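Here's the letter readout for the chains.
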Amino acid sequence: MTDFAETKTLFHLPEGVVYLDGNSLGPLPKSAPARIAQAVEAEWGAELIGGWTKCGWMDQPTALGDRIGRLIGAAPGTTTIGDTLSIKVFQALSAALALRPDRRIVLTDMGNFPTDLYMAQSLLDALGQGHVLKAVAPEEVADHLGEDVAVLMLTQVDYRTGRRHDMAGLTAAAHEKGALTVWDLAHSAGAIAVNMIGTGADFCVGCTYKFLNAGPGAPAFISVAPQHAEKTEPILAGWLGHAAPFAFEPAYRAGLGIERFRVGTPPVLQMAALDAALDIWDGVDLAALEEKAATLGNLFINEVEARCPDLTLASPRDARHRGSQVSFRHPDGYPIMQALIADGVVGDFRAPDILRFGITPLYLDEADIRTATERIETVMKTRAYDLPEHREVKAVT
Ligand SMILES: Cc1ncc(COP(=O)(O)O)c(C=O)c1O
Ligand SMILES: Nc1c(O)cccc1C(=O)C[C@H](N)C(=O)O
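Notes on the overall build of the protein chain
Point 1. Scanning the protein chain for helices and strands turns up 14 helices and 15 strands.
Point 2. Since a compact globule built from 397 residues should have a radius of gyration of about 21 Å, the 22 Å found for the protein chain is in line with a globular shape.
Point 3. For the protein chain, the C-alpha atoms occupy an extent of roughly 65 × 55 × 45 Å along the three principal directions.
Point 4. Burial statistics for the protein chain: of 397 residues in total, 48% are counted as buried.
Point 5. For the protein chain, the proportion of contacts with a sequence separation of at least 24, taken over those separated by at least 6, is 72%.

Structure (structure tokens):
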């Protein structure tokens, strides 16, 4: 049984702040600074180049990958970390396309995160084989799954609204038509109970800086179903994906299984932060987490709707159809979010009118949700967002 009161004590949360932006950047685990300092001083400082072998730096991507794999229901030995999620999207899509050489359509939804769309289009352009990226309305994806679709590439949880695709149903529908699936779990890993094996998903990718709390710039992950891993040659043939990197052979030979999805040098200091963050996850039951997120999310929706009639729910009301965030719409969304942040309720804004609030049970409880909704009510009732300082457009993150 996960003790969420206990996990809350494991994070550094600034006094007076209700942090509802863990869906963009998770907070600092209290154990991370010492773990990073250890990697800096006792490993890099003391061992110098020896760190690669003595401190296990070289093997960490797959060890850390396995710990993430548990959180998304991936088979052991099928997940590795490194690079950014944009790169992992590119790798996964390229591998999936290579497994369907006679098909030319990549099906996605038009609400997908821009980098997924850009990376897909740039890959298709580079391949120069006449592939088409077909972006349809999210609710119409299944209708467009024809025999010509090579890959269904989706982000499971929509970054703006939190709408959740049916990963099992769409994967089964894709397979029925002979297509493969690439799932971006950026807003799913550490947010809901994902079951890669159970859904039969072919490729899963995601980031570790959001719900997994590994810090800004933390490495991404990729999981590849075991039947696919060795069937394609990597599009990004980096030396650390080679079968024998330290043989320094001039010609590339792909490494075994998931190893071939590694590219270059692993980010050792970021891996130290990831390792500390994953210690917290080791004791967490994902089903309990999802249930708690649903309860807190429902409370948040009910309280905001009762207190702030001008805010319109943009997320699915049924928790089974959303991830672990709740979004509301308002034409003054930008200044409202600035006023909230000034008042210690940190969410974020997504154009044109979305106020986004991450619901993260590892460090948020019912009292936080009530405090946040009281402050939202005050901002709305006093129109604090009319202050010029909140209307002045600054950089959006
Ligand atoms: C669904 C999704 N995919 C990809 C990314 C970004 O990937 P990267 O880590 O390469 O910046 C984000 C957020 O930044 C995202 O929300
Ligand atoms: N990755 C980010 C970054 O490097 C800077 C600022 C924000 C982000 C984000 O993660 C944005 C996020 N993917 C979103 O859902 O909008």
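Description of unusual backbone geometry
Point 1. With omega at 5 degrees, the peptide bond leading from Ala 351 into Pro 352 counts as cis.
Point 2. Looking at the secondary structure, you find Pro 352 in the loop between β14 (348–350) and β15 (354–358).
Point 3. The phi torsion at Leu 48 lies on the positive side, around 50 degrees, for a residue other than glycine.
Point 4. Looking at where Leu 48 falls in the secondary structure, it is placed in the loop between α2 (32–47) and α3 (51–54).
Point 5. At Asn 213, a position not held by glycine, the phi torsion is positive, near 70 degrees.
Point 6. Following the sequence through the fold, Asn 213 ends up in the loop between β9 (203–206) and β10 (221–224).

Considering the pairing of strand β6 (residues 132–136)
Point 1. Where strand β5 (residues 105–109) lies against β6, 5 bridges are found, and the strand directions are parallel. Counted as the bridge partner of Asp 109 is Val 136 from β6.
Point 2. In the classification by handedness, the crossover that spans β5, the intervening helix α6 (residues 114–127) and the parallel β6 is right-handed.

Comments concerning the sheet that holds strand β11 (residues 312–313)
Point 1. Spatially, the 4 strands line up as an open sheet ordered β11-β12-β15-β14, and their pairing is antiparallel. Each edge of the sheet is formed by a strand with only one pairing partner; in this case those strands are β11 and β14.
Point 2. With 5 bridges connecting them, strand β12 (residues 325–329) and β15 associate as antiparallel partners. When the sheet's bridge partners are listed, Phe 328 is paired in β15 with Leu 355.
Point 3. Of the strands in this sheet, β11, β12 and β15 touch helix α11 (residues 286–307), which is tilted by about 20 degrees from β12.

The rules we used
- Residues numbered from 1 in each chain as written.
- Chains lettered and ligands numbered in written order.
- Predicted model: local features only at pLDDT ≥ 70, side-chain atom pairs only at ≥ 80, totals over all residues.
- Helix = DSSP H or I, 4+ residues; strand = E, 2+ residues; numbered from the N terminus.
- Rg over C-alpha atoms; globule rule 2.2 N^0.38 Å.
- Buried ≥ 20, exposed ≤ 12 C-beta atoms within 10 Å, placed from the backbone.
- Contact = placed C-beta atoms within 7 Å.
- Pairing = 2+ DSSP bridges.
- Right-handed = clockwise from strand over helix to strand, strands pointing away.
- Axes fitted to C-alpha atoms, helices over the stretch in contact; angles between N-to-C directions.

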